[in-house]
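Spelled out from the first residue to the last, the chains are:
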Amino acid sequence: MPTDTHTVTLRPELARDLGVTHAGAIVVGTIIGSGIFLVPAEMMQAVGSAKLVYLAWLVGGLLSFFGALTYAELGAMKPQAGGEYIYVRDGYGPLAGFLYAWTWFLIAKPASIATVTTGMVRVLGTFPAFAFFSTIVIDQPFPISYGQVVAIAATVLISLLNYIGIKKAGEFQLVFTLLKVAIILGIVLIGFNFSGGSWSHFTGVYSGARGGIAGFMGALVAALWAYDGWNDLNMVAGEIREPERNIPIALIAGVATVGALYMLVNAAVQFVLPAGAIAASPRPASDAIGLVWGTLGASLVSAAMAVSMLVTLNGTIMSGARVPFAVARDRYFFSALAEVHPRFHTPSVAIAVQAALAILLLLLGGSFRQFFSLAIFAEWLFYMISASTVFIFRQREAQAPRPYRVWGYPVVPALFVMSSALLLYYTFTDNLRNSAMGCLVILAGIPVFYAFARRRKV
């Protein structure tokens, strides 16, 4: 007697192919972008002395470290793709989770990708060989420069790398992060070997600084922006081996490593340049190394910035696609975004759509500062909300397994939440137009959520 046979096709899942070294490289490589090479001038203009600049770096690093400790508990407790989306969803409900994912998908990540690629093109444009980047290559229907084409090409290539496998993207991140760290250490050694350098620069002052509490807060905001990006690791938690162990290790070691590198670079720049020269320079690190090695030294710093931003781009694209993937898996967004490639085991559709949104921003044009302002408000709003969920889970899920518990609870996470709120306030007041636009986009997600919620019940 014949029997019925049924072929069961299992839905492809994300692959846990990232080890602890890959995870650490995601943290270090994503954080260190162009900020460390540029913000010393902004910080000196704000506070006016090397000592206060260092205090701002220390406070910013400590607050970021507190954030990493908080996310280490959350990531080890809920090691799923989507990271912050999972914490906000479980802590505050599906609507809050959706608004986070909606904002991340439409504003934060496309604007971050556009910021990094635009910044990378701007750095490369300082080389004489790439001076043509500002030339218009297409006039209609709107002008597009060679620089925009290069930014789009970088977005496509790194998105393709992430499309064909998290392991390949992770290996790229590891190799180029090691290269980035080696170049940064080289810059530090060059700076401290400058015969014209002086330790007296560390006691110098810049008389034109803003000063006071407002000045220090300005410097702290700049430092926190330079430390930004450590949270991206939690988005790929679903693809990390032994996440309960490796996420805390990578976050804590990664942020500590970045803090040490930032202090060394800042020290090398201040050894070479007096306070007034740092405040007056748009690129203090380039000017400092340029004094030591001339044009070759300045080119070395520009090359370091370009490599640094390429690694940041990879980490940003890698982490960004996991959030729309996670919300689509919950059936609160388009189902296609929840698809996992059967061969590459990546959220392939989410990666492609994310790239398309970033390319749209790049085609529309805009400055580095505009893209940056658009992204930063939305990002820090949800850093604050995501970190606050640790208090909710400690109360609501008191008996749940916690492979790692944040040191110094509840003071450490509370300090991070308060610092996020402070940064949010200064970001909002500094750029009302883009911050208000971010708020409107967040609110626009409410009717979209209810539309998907109704479809979900059918």
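You'll find the structure just up there.
Residues numbered from 1 in each chain as written. Predicted model: local features only at pLDDT ≥ 70, side-chain atom pairs only at ≥ 80, totals over all residues. Heavy atoms only, no water.

Helix and strand counts for the chain stand at 16 helices and two strands. Relative to the 2.2 N^0.38 estimate, which gives 23 Å for 458 residues, the radius of gyration of the chain is 22 Å and therefore close to what a compact globule would have. With respect to the principal axes defined by its C-alpha atoms, the chain has extents near 95 × 55 × 40 Å. The burial tally for the chain puts 59% of its 458 residues in the buried class. Sequence separation of 24 or more characterises 82% of the internal contacts of the chain that already satisfy a separation of 6 or more. As presented, the chain carries roughly 18600 Å² of accessible surface, and 67% of it is formed by carbon and sulfur atoms. (Helix = DSSP H or I, 4+ residues; strand = E, 2+ residues; numbered from the N terminus. Rg over C-alpha atoms; globule rule 2.2 N^0.38 Å. Buried < 20%, exposed > 50% of the residue type's maximum accessible area, 1.4 Å probe, protein only. Contact = heavy atoms within 4.5 Å. Areas by Shrake-Rupley, 256 points an atom, 1.4 Å probe, with all protein chains shown as cover.)

Glancing now at helix 1 (residues 20–31). In this model, helix 1 (twelve residues) spans 17 Å end to end at C-alpha, consistent with the 16 Å of a helix rising 1.5 Å per residue. With respect to burial, helix 1 is a largely interior element, ten of its twelve residues being buried. Inspection of helix 1 places His-22, Ala-23, Gly-24, Ala-25, Ile-26, Val-27, Val-28, Gly-29, Thr-30 and Ile-31 among the buried residues, and these make up the whole buried set. Check the buried side of helix 1 and you find it contacts helix 7 (166–192), helix 8 (212–227), helix 9 (243–272) and helix 11 (284–320). (Expected span 1.5 Å × (residues − 1).)

Applying the stated criterion across every chain, the model contains nine salt bridges. Among the salt bridges present, the one from Glu-13 reaches Arg-329, with a minimum N-O distance of 3.0 Å. Of this pair, Glu-13 sits in the segment before helix 1 while Arg-329 sits in helix 12 (residues 322–329), and the two are 316 residues apart along the sequence. Ionic pairing is found between Glu-73 and Arg-402, a salt bridge with its closest N-O pair at 3.3 Å. (Salt bridge = Lys/Arg side-chain N within 4 Å of Asp/Glu carboxyl O.)

Where like charges cluster on the molecular surface, the positive patch consists of Lys-167, Lys-168, Arg-241 and Arg-343. Following the sequence through the fold, Lys-167 ends up in helix 7. Overall, the relative accessible area of 46% leaves Lys-167 in the partly exposed class. (Patch = residues over 30% accessible without salt bridge, like charges linked within 9 Å, V, L, I, M, F, W, Y side chains within 5 Å. Lys, Arg positive; Asp, Glu negative; His and termini not counted. Charge placed at Lys NZ, Arg CZ, Asp CG, Glu CD.)

Next up on the list: the packing of helix 3 (residues 50–77) against helix 8. For the pair helix 3 and helix 8, interaxial distance at closest approach is 8 Å and the crossing angle is 50°. One way to sum up the angle between helix 3 and helix 8 is to call them oblique. Our pair here, helix 3 against helix 8, has a crossing hand that is right-handed. Facing Leu-52, Leu-55, Ala-56, Trp-57, Val-59, Gly-60, Gly-61, Leu-63 and Ser-64 of helix 3, the residues of helix 8 in contact are Phe-216, Ala-219, Leu-220, Ala-223, Leu-224, Ala-226 and Tyr-227. Grouping the constituent residues of the contact of helix 3 with helix 8 by class yields 13 nonpolar, three polar and no charged. (Axes fitted to C-alpha atoms, helices over the stretch in contact; angles between N-to-C directions. Parallel < 35°, antiparallel > 145°, perpendicular 65-115°, else oblique. Left-handed = near helix turned anticlockwise from the far one by under 90°. Nonpolar A, V, L, I, M, F, W, Y, C, P; charged D, E, K, R; others polar.)

Within soluble globular proteins, side chains that are nonpolar generally end up buried alongside one another. Ranked by size, the top nonpolar core spans 150 residues in total, and within it Trp-57 and Leu-233 carry the most contacts. At 15 residues, helix 5 (residues 94–124) tops the list of elements feeding residues into this core. Excluding residues that lie within four positions of it along the chain, Leu-233 makes contacts with Ala-23, Ile-26, Val-27, Ile-240, Ile-247, Ala-250 and Leu-251. (Core = buried A, V, L, I, M, F, W, Y, C linked by side-chain atoms within 4.5 Å.)

Among the secondary structure elements, Met-235 is positioned in the loop between helix 8 and helix 9. Residue Met-235 is classed as buried on the basis of its relative accessible area of 0%. Look past the residues within four positions of Met-235 in its chain and what remains in contact with it is Ala-81, Gly-82, Gly-83, Glu-84, Tyr-100, Trp-104, Ser-319, Arg-322 and Val-323.

Next up on the list: the side chain of Asn-162. Along the chain, Asn-162 falls in helix 6 (residues 146–163). The class of Asn-162 is buried, set by a relative accessible area of 0%. Ignoring any residue separated from it by four or fewer positions in sequence, one finds Asn-162 in contact with Ala-169, Asn-314, Ile-317, Met-318, Thr-346 and Ile-351.

This brings us to the environment of Ala-256. The residue Ala-256 is located in helix 9 in this model. Residues Ala-256 and Ala-306, spaced 50 residues apart in sequence, show a C-alpha to C-alpha distance of 23 Å.

What follows is about a nonpolar patch on the surface. Together, Phe-130, Phe-132, Val-137, Ile-138, Tyr-146 and Val-149 make up a nonpolar patch on the protein surface, roughly 460 Å² of accessible area in all. Elements that contribute at least two residues to the nonpolar patch include exactly strand 1 (136–138) and helix 6. Here Ile-138 shows up in strand 1. On the basis of relative accessibility, which here comes to 37%, the residue Ile-138 falls in the partly exposed class.

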